[in-house]
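# Structural characterization, general
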Amino acid sequence: MLCTNDIAPATKWIKSCRRMPWMINLEDQYITDDQVKAAYQNTRLEHNIQLDINSSPKLARLTRIMVTLGMANSHPDAVVNMMMAGANIVRLNMSHETEKWHAITVQSVREAGNRMYELTTEVYPLGVAMNLQGPEIRTGVFRGDEKSIGYAKLEEGKMVKLVTNNIAKRGGCATCFWISYLELPRVCRVGDRILIDRGAALLQVTCIHEEAVTCKIIKGGIVRDNKLVQLLDSVVSLPQISEKDTEHMKLASMLECDFLIMNHTRNEKMLYGIKSRLKKMGVTKICVMAKISTQQGFENFDEILHSADAILLDRNNIEIDVGNEKLFLVEKIIIAKCIKIGKPIVLGFQVYNNEQLNIDMNLIAHAVLNGVDAIFLKTGAMNMKDTTKLLRDVDIVCREAESARWQKEIFDELSYKVPIPLDPLHSIIVGAVETSIKSNAAAIVVTTTTGRSAVLLSMYRPKCLILAVTRYGVVARWLQLYYGIHSLHYRTEPLSDWGKDMQTRIQTGIDSLRRKGYIRVGDAIVIVSGWRQGAGFTNYIRIVYVSPGHMENQIADFEPCW
């Protein structure tokens, strides 16, 4: 039957004709934004030539962002503002503040989530990461001089004594302060260098005592309470996991944290130790992330990568060991190894330098171009306003860099090198990513139970966002760590008809993207779903196009395209 708006006298129409005015316009001039012209070039050189400085990036950021919560930015209002500015994961540093403070902070995060739900009617799956103190050396508390409470000003050329006796733990001053490493006098030699707070001050050992060492200040600066101490020339023997770390693991379990970051990971034994202790506690729903911050950790990276669930590269700390001229090589090697096996890689950036806000946005852009999953910003000393502004600035830089990436290179290399035959799920994922490329899709919507389908999609770094619709909050929060994945925690009770329930979940995901402005009328969307209920049955790909939305006397969204 031909569609017509003329109604014959003997004909009674129940609803209007199935018109699809929202179908995508395939003319070349329609495709102007998001560096699309450059994205489909066959060589990297041609891709770079075709990049357009006036091209606008998409609204949806694909790179994830993790921030540190501190005293000034951990109250519920601040956390809400950070979520609205784009934070995906918040980090608690157990090297600072008390356990009670961290418990209260997690309560603030939960309260902020409730407020976001009231504002948006959607659950915001904000991940919570607990950073264990790990095997590290720190300064004590500076309370020995009334003129400088909480800090000491070390002046170049003067002498300072580092004491290991606990009596001096809270009485530090510019001439004498406590160090948490009891074996310091036995591992140090005259002439050894000691770095305080990642370069805030540099000392050189001149004399060794029974419970202290005397040093000359080579580089002066301000040192504050509980700052990191690094022995640059000494062989340090620290425990793999301390009893304090075990207590913090129990706290992470009680507070239902999603990620556990192991500080200064040196080898796989440290990770096995953590996972075995978690298993004894009965904790299974937590992601163990290895922080690489020393040359020893980099040298043992292959075994660490095999054991860890994710990797966090601390640029500032590892730079001290490998040197500034080698730092870019370390980044490239670690990022490439993580991408090859599909484990998320997070790159950490120091926000403050000499008490001043100083972060190079070009370094963040290059990290995105290299393929990182997430950017980690050390914002523990910042207030709400500065943290929110920084998040917005980083969001813009990430979106611009994502648009300028040559996605075809990563997809071709990964898809051509996988062993054949692939398992069914993996085959479907490769097909879905290639379909999204060929159709210039605005999004891939995937329904997932365990998160594996979404993780595999992320591994191939599609140019569009991945919306993972899941009923499990912990899965939604885990997926916040992976490149390109936007999680939707679908909390509605399942319908008795599984087919209708699946369609409702997909429609809810598309409606969410529409409300956020990530998709527009005419955009192609790739749907990845299963053929039956349960985990492990994903084998279905289809394309739909975004309609103008539901109107009176008009068919429901997407019905003509299913």
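All figures in this text were calculated on a predicted structure; none of them were measured in a lab. (Residues numbered from 1 in each chain as written. Predicted model: local features only at pLDDT ≥ 70, side-chain atom pairs only at ≥ 80, totals over all residues. Heavy atoms only, no water.)

Between two packed helices, what matters for the description is the angle formed by their axes and the separation of those axes. Where helix α6 (residues 243–254) meets helix α7 (residues 268–281), the axes come as close as 11 Å, and the angle between the chain directions of the two elements is 45 degrees. As summarised for this structure, α6 and α7 are arranged oblique, according to the angle between their axes. The interaxial crossing formed by α6 with α7 has right-handed handedness. Residues Glu243, Thr246, Met249 and Lys250 of α6 touch α7, and the partners they reach there are Ile274, Arg277, Leu278 and Met281. Its residues assigned to classes, the contact of α6 with α7 comprises four nonpolar, one polar and three charged. (Axes fitted to C-alpha atoms, helices over the stretch in contact; angles between N-to-C directions. Helix = DSSP H or I, 4+ residues; strand = E, 2+ residues; numbered from the N terminus. Parallel < 35°, antiparallel > 145°, perpendicular 65-115°, else oblique. Left-handed = near helix turned anticlockwise from the far one by under 90°. Contact = heavy atoms within 4.5 Å. Nonpolar A, V, L, I, M, F, W, Y, C, P; charged D, E, K, R; others polar.)

Our focus in this paragraph is empty space enclosed by the protein. Inspection of every chain in the model, using the stated rule, returns three cavities of 30 Å³ or more. In terms of lining, the largest cavity is formed by 13 residues, of which the most central are Asp34, Lys58, Ala60, Leu62 and Lys463. Ranked by residues supplied to the lining of the largest cavity, first place goes to helix α13 (residues 384–403) with three residues. Grouping the amino acids of the lining of the largest cavity by side-chain chemistry returns seven nonpolar, one polar and five charged. Considered as a void within the structure, the second largest cavity measures approximately 60 Å³ in volume. (1 Å grid on protein atoms, 1.4 Å probe; cavity = no way out; pocket = protein on both sides within 12 Å on 5 of 7 lines; lining within 4 Å. Points joined across faces, edges and corners; volume = space filled by probe spheres on them.)

Our next topic: the sheet that holds strand β1 (residues 64–68). With parallel pairing, eight strands are arranged side by side around a closed barrel as β1-β2-β3-β13-β14-β15-β16-β19. Across this sheet, the average inter-strand angle for adjacent strands is 25 degrees, counted without regard to direction. The pairing of β1 with strand β19 (residues 374–378) spans four bridges and is classified as parallel. Bridged to isoleucine 65 within β19 is isoleucine 375. (Pairing = 2+ DSSP bridges.)

Next up on the list: the side chain of glutamine 480. On the secondary structure map, glutamine 480 appears in the loop between α17 (473–478) and β22 (485–489). Looking at glutamine 480, the relative accessible area reads 3%, which means it is buried. Within the structure, glutamine 480 has its side chain in polar contact with the backbone oxygen of proline 125 (distance 3.1 Å). (Buried < 20%, exposed > 50% of the residue type's maximum accessible area, 1.4 Å probe, protein only. Polar contact = N/O pair within 3.5 Å; in protein donor to acceptor, adjacent residues only side chain to side chain.)

If you trace the five strands from one edge of the open sheet to the other, you get β22-β21-β20-β23-β24, paired in mixed fashion. Both edges of this open sheet fall to β22 and β24 (538–545), since each of them pairs with a single strand only. The average undirected angle you get between the axes of adjacent strands in this sheet is 20 degrees. When strand β23 (residues 524–530) meets β24, the two strands line up antiparallel, connected through seven bridges. Within β24, the residue paired with glycine 530 across the bridge is threonine 538.

The next subject is the environment of isoleucine 208. Looking at the secondary structure, you find isoleucine 208 in strand β9 (residues 201–208). In the structure, isoleucine 208 is positioned 20 residues away from cysteine 188 in sequence and 7.7 Å away in space, judged by C-alpha atoms. Ignoring anything within four residues of it in the chain, the contact list for isoleucine 208 reads Pro185, Cys188, Arg189, Val190 and Val213.

A few words on unusual backbone geometry. The phi torsion at threonine 121 lies on the positive side, around 60 degrees, for a residue other than glycine. The topology assignment puts threonine 121 in the loop between α4 (99–120) and β3 (127–131). In this structure threonine 121 comes out as exposed when scored by relative accessible area, which is 56%.

Moving on: the nonpolar core. Ile311 and Leu377 are the most contacted members of the largest nonpolar core, which totals 117 residues. Ranked by the residues each element gives to this core, the list is headed by helix α15 (residues 424–438), at seven residues. Residue contributions to this core reach at least three from each of two domains, namely domain 1 (64–134 + 255–402) and domain 3 (408–546). In this view, isoleucine 311 contacts Met289, Ala290, Ile292, Phe301, Ile304, Leu305, Ile334, Cys338, Pro344, Ile345 and Val346; residues no more than four positions away in its chain are not counted. Counting 24 residues, the second largest nonpolar core, distinct from the first, contains Val187, Leu203, Val205 and Val213. (Core = buried A, V, L, I, M, F, W, Y, C linked by side-chain atoms within 4.5 Å. Domains from an automatic or database assignment.)

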